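For reference, the chains in residue letters:
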Amino acid sequence: MNRSPDYQGIVSDRDILITVITNIIGVLTLTSPRVVAEVTNSSDGWITVLLGGIIASLCGWFIAKIASSFPNQSFLTYTSYLLSKPVAIVMTLIFSLQFFMTTVFYVRELAALSHQYLFDHTPQEIISLTFLFVVIYAVSGSQAGIFRLNVLFFPILVVGLFLVIFLSIGLIDWEGFLPLFQTDFEGYLKGTYFSVVNMLGFAIVFFYIGLVKNPRNTPKMTAYGVLVTMGFNLVIYLVCVGVFGNTTMRNMFFPTFDLSRTVEIPGGFFERFDAFLFLFWTIIFFTTATMALDVTVMTLRMVFRNFKKINAVIMLSPIIYFTSMVPKSYLDVVSFNRLLGHFTIIYFLLVTILLGIAFKIKGGNSSE
Amino acid sequence: MRRFYRKVPRKNSTNKHQNSINTQHTQNDINGIQQEINVQQCQCNPQFQQNQKAQHIQGTRNNLNNENVGSQHSQDYQHTQSSIQSNQNIQFQQSIQCQCHLKNHQLQNQTQTQNHNQSQDNVQSQNQKTSQNQSPSLKQNGNANSNATQTNNQNVSMEIHVPIYKKMNNNIEFIRRLLGNPDDLVIRELTLETFNDNHENEQGDCPSSRSGHDDGNLPIQTLSDPENNDSKINQLNIIDERPLEKAKQKKQKIHCSILYLSGLSNTNIINDNILKTLQRKTNEFNGDILDQIYQEIIAVTETKRVNTLEQVVHALLSGRSIFLIDGKMTALDMGTAGSEKRALDEPQSEALIRGPRLAFIESIETNLTLIRRELKDPNLRFKMHEVGRRSKQKIAVCYVEGIVNPDILDEVNRRLKTIDIDFAPDSGVIEQWIEDSFLSPFPQLLDTERPDRVSYNLMQGKVAILVDGSPFALIAPISFVDAFLTIEDFSQRWIIATSMRLLRYFSMFIALFLPGLYVALISFHPGMLPTQLTISIAATREGGPLPAIVEVLLMAVTFEILQEASIRLPKVIGQTVGIVGGIVIGDVAVSAGIVGPALVIVTSLTAMSSFTIPNYSMSIGLRILRFIFVIAASIFGLYGIILVLIMICIHIVNLKSMGTPYSGPFAPYFIDALKNTFIRAPIMTLKKRPPYLEPIDDQKVNSGGQRQ
């Protein structure tokens, strides 16, 4: 996609760092302690989270390195250069599909979460629809606006996470950690795998590096972003294990969210803290869903150049809505998410390896 | 903006037609004057022909006439142009227009009777030219259009050259008729004695009037060129006879007059510095009388020469006075403007405890002085614009060269040039013309009546816009947080100032969310409040017939009505409103069982919180948003509130103020700027100007503790 000069360089390195963090922290942050706990024993999950984080940050650094060798070029352009045009088009379209599905998942997931914790009676369809409207409104704006939105919500996200973590520290049962290193090798492997899946949100740098003004430091920033998120995940995991213990956590759906239900805010004004934290999570879901939809629109418009952004958004939105309503029960949503996770990591590895090999052979062309 | 801009020419061309058809009245009036003038000119010629200097005179006459022809045509041409540009008073347009039509016919007759074969051809050819020039502009061909828009870009205040007539009485009559013979037009006629003869004067005038035309556009020159050639031939004859003229100097009485509009002008200056000095003048004049008066007699510093009646009328309407001399085609425009002004006063809408207590007033000159008095920087610049087709108001763009980002400055100037209105009653009108999004509830330019706030913002690298007739200056570009800062933050120590700022942000959240939260908590999530509180609130609402949302809306609307009423009411009755609103409605509504006492707390707390916002425009914007929160909360509870909050955030990040992001220092995260927005760091550490403005000179001069 040939960008007009206005669109170039609207993003700074720091924005990428923040965007990576806000994009990775999402629904999976809520569930990941459970997923990890399912395959590990005692508190051993921290090793898998750590390993997963390091692997993910290496991957992030690597793809950002590839992408930043082609400053101000779109994913399609440099992939066409490295591989070939048809392959690049297919790849881009599969990415659109993947991010489209991510949006669908978030739209549905938010309704499910709110149904469970906030409203019992309000129909999920309405919740999803209103959420989707807000996401559409955000995506219809400028891309620079989306980045600013991420930056604007970043402090809210950090404050929300810190609240969850710090308020629960007093409830930690330190004995829950204790028998260390009880997990077998397969458990570690699976745990690491899930941790990496959890962190795959950094794949957006493939697409957004084209907007970065001077992408020299972007690989480093991407890696930092992933590491910071890994830090959050690690602490959240440890707190969850400390508070609930491994066995309890296996049976909780959203351990991170349940953490906030156990918390009592001193002062006694708010009886239930979780409803307020739900607001934080709405914002967190919103940023991730917005980025996903934006990438979908962006990748589609790379292939179909004459597509106006607003038209693309308007055409996609009903499809997103109806697709999100397809799974009948929440279990279907969960299995859908698991499939999406497997698909994402396999496809991501495939693309990374292909691009990596081609990059080694052809090298970057930083001079356009 | 561009779109509006394009529309202008079309509207006006139709206007012009309508005017020329509908207002026969004025046309006839001015036709009358024109005929008079022409008859006089025609009559003059035979008289002079009998004179010795006949040929000379005739030469200059012809020259003049021909030049008039040229200028009339150029007027015609320019008129079509200017009507496209439409900066002119419509009445004035009419007068010139009919003048032009008339002239075209008359000139043909005149030239035929005078047997000027050569010039007749010229005139005819010019008529053709004019019609050619006129027709495309009427048809609105692209050419004329683009031409017009180009000139409009370059020169906002376009001038039509109706030269000042030689006969002073004609000028006065013209001005009188144009202004509708007003009572406040003061005309003081005088008689001066001179040694000089008329012909020298004419000679002296010719170049000036010609140069006046040459100042105009190129087409004029090409139109009047043939005439000039013609006149040059005549002038050749004259030179031989000059010695004869010089010998014929004699004492002459010259009529002149001072014109001004009483009330707009300072009569003392006119009496003391113009009239008195003129009357005291004992020795006679030699040489160019106008020049001598200008140099020696008029004791007004701001004096200049004007050549067109349009300038004369504009000067009169601006309160300046005009000095006309019979037989001169140049007038003096003297700066005697001085109407009544309001005294400098304390700011009414931005009061503060500690800090300067000076506010702008309605006069732009005074306001500019107030700024200059605070900033004695030679780089302080005032770029003047004119706005209002009929009001001709001045607008000043203030900035400090070397600090301001030139891109922002260009953008401000460009937008100001697109303004096309009759009259701007306040800077708020200008604000709405040039703001980025007219759908936004947030002000995208900051209005302030404090000169110190303007100076402070100029130092930040921003641009201030002052409008004549408005005591509110506009500051651009701003970010969301700018509306929450006061200049007093810098007067207090930083810990206190920071606390005050945080308090203001907190109260902004209360003003926005509290009614919505009340609705959400009462109707959706009663479990979130402590059980005791929930029970006690429920108990007070026990007998209430209304659901929470209706209660809240009722009270909120009541409060808005009270607030609006207290603004409109005279100050004396204002206190009554406080009693009626605060005590009667609040207390009685509760005891009547219509609303719960908790809601009265919520409403009053919300109201008080919204008053902590230092900027009124922002405060009313948030008042509107509060209702949206209430409605969203009544549908979706907390979830609705958070969705609306996200939507407002989306709106803010996409909003721009003069092309810079409105989310300002928050969203493109500039930590340095946060030091002076969210908190107020110690003044010694505030060393940089806001980076999102990308100022040229980003380092403040800061040697600790000085007021900036």
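Going along each chain's sequence as written, the residues are numbered from 1 onward. Here every chain gets a letter starting at A, and every ligand a number starting at 1, in the order they are written. Totals for whole chains, interfaces and linings use all residues, but because this is a predicted model, local features are given only for residues with pLDDT of at least 70 and pairs of side-chain atoms are given and counted only at 80 or more. Hydrogens and water are ignored here; the side-chain numbers use all heavy atoms of the structure.

## Topic: the overall build of chain B
Within chain B, the regular secondary structure consists of 25 helices and twelve strands. Per-residue accessibility, obtained with a 1.4 Å probe over protein chains only, is compared with the maximum for each type, and a residue is labelled buried under 20%, exposed over 50%, and partly exposed between these values. Relative to its full complement of 708 residues, chain B shows a buried share of 53%. Carbon and sulfur atoms form 55% of the exposed surface of chain B, whose accessible area is close to 32000 Å². Each helix is a run of H or I in the DSSP string that is no shorter than four residues. Each strand is a run of E no shorter than two, and both are numbered from the N terminus. For accessible areas, the Shrake-Rupley method is used with a probe of radius 1.4 Å. Any residue's cover is judged against the shown protein chains and nothing else.

## Looking at the overall build of chain A
Counting secondary structure elements, chain A contains 15 helices and zero strands. The proportion of buried residues among the 368 residues of chain A is 61%. Any pair of residues with heavy atoms lying within 4.5 Å of one another is described as a contacting pair. A separation of at least 24 residues holds for 85% of the contacts in chain A among residues at least 6 apart in sequence. Accessible area for chain A stands at about 14700 Å²; split by element, carbon and sulfur atoms hold 67% of it. Separation of charge centres in chain A, based on 22 positive and 19 negative side chains, amounts to 16 Å. In this tally, Asp and Glu contribute negative charge and Lys and Arg positive charge; neither His nor the terminal groups of the chain are included. Taken as the charge centre is NZ of Lys, CZ of Arg, CG of Asp or CD of Glu, depending on the residue.

## Remarks on the environment of B:Ala331
All names here are of chain B. Note that Ala 331 resides in strand 5 (residues 331-334). The spatial distance from the C-alpha of Ala 331 to the C-alpha of Val 306 is 5.3 Å, given a sequence separation of 25 residues. Contact partners of Ala 331, with chain neighbours within four places excluded, come to Ile 164, Lys 304, Arg 305, Val 306, Val 312, Ile 322, Phe 323 and Leu 324.

## Thoughts on the sheet that holds strand 3 (residues 303-306) of chain B
Residues and elements named next belong to chain B. At least two bridges found by DSSP between two strands is the condition for calling them paired. Ordered by their spatial adjacency, five strands build an open sheet running 1-2-4-5-3, and the pairing between neighbours is antiparallel. For this open sheet the edge positions go to strand 1 (185-194) and strand 3, each flanked by a neighbour on one side alone. Averaged over all adjacent pairs, the angle separating strand axes in this sheet is 25°, with direction ignored. Note that strand 2 (residues 252-261) and strand 4 (residues 321-325) share four bridges and pair antiparallel. If you follow Ile 258 over to strand 4, its bridge partner there is Phe 323. Axes here mean lines fitted to C-alpha atoms, for a helix over just the part in contact, with angles spanning 0 to 180 degrees between N-to-C directions. Across the face of the sheet, helix 12 (residues 289-297) comes into contact with strand 1, strand 2, strand 3, strand 4 and strand 5 while running at roughly 160° to strand 3.

## Some details on unusual backbone geometry
With glycine set apart, most residues show a phi of negative sign, and most peptide bonds adopt trans. All names here are of chain B. For the peptide bond that leads from Ala 476 to Pro 477, omega is -15°, which places it in the cis range. Looking at the secondary structure, you find Pro 477 in the loop between strand 10 (473-476) and helix 18 (494-523). Phi angles above zero are rare outside glycine, and Asn 181 is one such case at about 45°. On the secondary structure map, Asn 181 appears in the loop between helix 7 (168-179) and strand 1. If you check the backbone angles, Met 658 has positive phi at about 55° while not being a glycine. Its location among the elements puts Met 658 in the loop between strand 11 (656-657) and strand 12 (660-661). Overall, Met 658 belongs to the buried group, its relative accessible area being 3%.

## Some remarks on the domain arrangement of chain B
Splitting chain B by domain gives domain 1 (163-195 + 251-340), domain 2 (364-478) and domain 3 (494-661). In this entry, domain limits derive from an automatic or database-based domain assignment. Between the C-alpha centres of domain 1 of chain B and domain 2 of chain B there is a distance of 34 Å.

## Focus on a nonpolar patch on the surface
Residue and element names in this part refer to chain B. Exposure above 30% relative accessible area and no salt bridge define the residues that can form patches, which grow by joining like charges within 9 Å and nonpolar side chains of Val, Leu, Ile, Met, Phe, Trp and Tyr within 5 Å. The term salt bridge refers to a side-chain nitrogen of Lys or Arg lying within 4 Å of a carboxyl oxygen of Asp or Glu. On the surface, a cluster of nonpolar side chains totalling about 590 Å² of accessible area is made up of Trp 494, Ile 495, Ile 496, Met 500, Leu 503 and Phe 506. Here Trp 494 is to be found in helix 18. Accessibility expressed as a relative area gives 38% for Trp 494, which makes it partly exposed.

## Observations concerning helix 15 (residues 406-417) of chain B
Residue and element names in this part refer to chain B. Compared with the 16 Å implied by 1.5 Å per residue over twelve residues, the 16 Å span of helix 15 between its first and last C-alpha is a close match. Among the residues of helix 15, Ile 408, Leu 409, Glu 411, Val 412, Asn 413, Arg 415 and Leu 416 are the ones counted as buried. Where the residues of helix 15 are buried, they touch strand 6 (380-387), strand 7 (393-400), helix 16 (427-434), strand 9 (463-467) and strand 12. Here the expected length of a helix is defined as 1.5 Å per residue gap, with one fewer gap than residues.

## Focus on the interface of chain A and chain B
Where interface size is quoted, it is often the accessible area lost as the parts come together. With 33 residues of chain A at the contact, the number on the chain B side is 27 residues. Roughly 2800 Å² of surface becomes buried between chain A and chain B when both sides are summed, with 78% attributable to carbon and sulfur atoms. By the criterion applied in these results, polar contacts are pairs of N or O atoms within 3.5 Å in which, for protein atoms, one can donate a hydrogen and the other can accept it, and in which residues neighboring in sequence qualify only through two side-chain atoms. Summed over the shared surface of chain A and chain B, the number is four residue pairs in polar contact (both at pLDDT 80 or more). Contributions of two or more residues to the side of chain A that touches chain B are made by helix 6 (124-140), helix 7 (143-169) and helix 13 (274-303) of chain A. Three categories are distinguished: nonpolar for Ala, Val, Leu, Ile, Met, Phe, Trp, Tyr, Cys and Pro, charged for Asp, Glu, Lys and Arg, and polar for the others, with Gly belonging to the last. Looking at the side of chain A that touches chain B residue by residue, the class counts come to 22 nonpolar, seven polar and four charged. Throughout, buried area stands for the accessible area (probe radius 1.4 Å) lost by two parts on being put together, summed over both.

## A look at the layout of surface pockets
Residue and element names in this part refer to chain B. Computed over the protein atoms alone on a 1 Å grid, cavities are sets of points where a 1.4 Å probe fits but cannot get out and pockets are open sets with protein on both sides within 12 Å along at least five of seven lines; a residue lines them when it has an atom within 4 Å of a point. Grid points are joined across faces, edges and corners, and a volume is the space filled by probe spheres set on the points. Taken as a whole, the largest pocket holds about 1800 Å³ of empty space. Around the largest pocket, the lining is made up of 50 residues, and of these Tyr 505, Met 508, Phe 509, Phe 513 and Leu 645 lie nearest the centre. Sort the elements by how many residues they give to the lining of the largest pocket and helix 18 lands first, with 13 residues. Here the residues of the lining of the largest pocket are counted per class, giving 48 nonpolar, one polar and one charged.

## Details of the pattern of salt bridges
Residues and elements named next belong to chain A. Under the criterion given, the structure shown has 25 salt bridges over all chains. Put simply, Glu 38 and Arg 34 hold a salt bridge, and the shortest N to O gap is 3.6 Å. In this pair, Glu 38 and Arg 34 are both assigned in helix 2 (residues 27-39), four residues apart and thus about one turn of the helix distant. Using a relative accessible area of 38% as the deciding quantity, one classes Glu 38 as partly exposed.

## Considering the UniProt feature "transmembrane region" (unreviewed entry) in chain B
All names here are of chain B. UniProt positions are given in the numbering used here, feature names are shortened, and annotations may be inferred rather than shown by experiment. In the numbering used here, UniProt assigns the feature "transmembrane region" (unreviewed entry) to residues 502-524, 583-607 and 627-653. The distance from the first to the last C-alpha atom of residues 583-607 is 15 Å, and the span holds 80% helix and 0% strand. As annotated, residues 627-653 has a helix share of 96% and a strand share of 0%, and its two end C-alpha atoms lie 21 Å apart.

## A look at the packing of helix 20 (residues 548-568) of chain B against helix 23 (residues 616-636) of chain B
Residue and element names in this part refer to chain B. It is the contact of helix 20 with helix 23, at a shortest axis distance of 10 Å, that shows an interaxial angle of 165°. The orientation of helix 20 with respect to helix 23, classified from their angle, is roughly antiparallel. Considering only the axes of helix 20 and helix 23, their crossing is left-handed. For the pair helix 20 and helix 23, contact is made by Ile 549, Val 552, Leu 553, Ala 556, Val 557, Glu 560, Gln 563 and Ile 567 and by Tyr 616, Arg 623, Arg 626, Phe 627, Val 630, Ile 631 and Ser 634, respectively. When grouped by side-chain class, the residues that make up the contact of helix 20 with helix 23 number ten nonpolar, two polar and three charged. Convention used here: angles under 35 degrees read as roughly parallel, angles over 145 as roughly antiparallel, angles from 65 to 115 as roughly perpendicular, and any remaining angle as oblique. Crossing chirality is assigned from the near helix's rotation relative to the far helix, an anticlockwise turn below a right angle marking it left-handed and a clockwise turn marking it right-handed.

## A word on the nonpolar core
Among the nonpolar cores identified, the biggest contains 147 residues, and A:Phe131, A:Phe285, A:Phe286, B:Phe442, B:Leu466 and B:Tyr639 are the most heavily contacted of them. With 15 residues, helix 13 of chain A is the largest single contributor of residues to this core. Taken together, domain 2 (364-478) and domain 3 (494-661) of chain B each give at least three residues to this core, which thus spans both. Beyond its immediate stretch of four places on either side in the chain, A:Phe131 contacts A:Tyr106, A:Val107, A:Leu110, A:Thr282, A:Phe285, A:Phe286, A:Ala289, B:Tyr639 and B:Leu643. Among buried residues, those of type Ala, Val, Leu, Ile, Met, Phe, Trp, Tyr and Cys that are joined through side-chain atoms within 4.5 Å constitute a nonpolar core. Of all hydrophobic cores here, the second largest spans 49 residues; its members include A:Phe70, A:Phe99, A:Ala292 and A:Met298.

## Describing the packing of helix 7 of chain A against helix 13 of chain A
Residues and elements named next belong to chain A. Packing of helix 7 against helix 13 brings their axes to within 9 Å, and their N-to-C directions diverge by 150°. Taken together, the axes of helix 7 and helix 13 are roughly antiparallel relative to one another. The handedness of the crossing between helix 7 and helix 13 comes out as left-handed. Between helix 7 and helix 13, the contacting residues are Gln 143, Ile 146, Leu 149, Asn 150, Phe 153, Ile 156, Leu 157, Gly 160, Leu 161, Leu 163 and Val 164 on the first element and Leu 277, Phe 280, Trp 281, Ile 283, Ile 284, Phe 286, Thr 287, Thr 290, Met 291, Asp 294 and Met 298 on the second. When grouped by side-chain class, the residues that make up the contact of helix 7 with helix 13 number 16 nonpolar, five polar and one charged.

## Some words on the packing of aromatic side chains
All names here are of chain B. Under the pairing criterion, centres of Phe, Tyr and Trp rings, with the six-membered ring standing for Trp, must be within 6.5 Å; the plane angle then separates stacked pairs below 30 degrees from edge-to-face pairs above 60, leaving the rest tilted. For the structure shown, the criterion picks out 43 aromatic pairs over all chains. Arranged with centres 6.1 Å apart and planes meeting at 70°, the rings of Tyr 165 and Phe 174 form a pair that is edge-to-face. Relative accessible area serves as the criterion here: at 2%, Phe 174 is assigned to the buried category. A ring is considered to have a charge above it if a Lys NZ or an Arg CZ atom is located within 6 Å of its centre and within 35 degrees of its normal. The residue whose ring lies beneath Arg 305 is Tyr 294, and the NZ or CZ to ring-centre distance is 4.8 Å. The lysine or arginine in question, Arg 501, covers the ring of Phe 490, its NZ or CZ lying 5.7 Å from the ring centre.

## Some words on the pairing of strand 7 of chain B
Of all eight residues in strand 7 of chain B, seven are buried, a share of seventy percent or more. The antiparallel hairpin formed by strand 6 of chain B and strand 7 of chain B contains five residues in its connecting segment, where B:Gly388 sits at a positive phi of about 95°.

## Observations regarding the sheet that holds strand 8 (residues 446-448) of chain B
Residues and elements named next belong to chain B. Judged by pairing direction, the sheet is antiparallel, and its five strands sit side by side in the order 6-7-9-10-8 without closing on themselves. On the outer flanks of this sheet lie strand 6 and strand 8, each paired with one strand and no other. Each strand of the sheet is rotated relative to its neighbour by a mean of 25°, with strand direction disregarded. Bridging between strand 7 and strand 9 involves four bridges; their strand directions are antiparallel. Bridge pairing in strand 9 places Val 397 opposite Ile 465.

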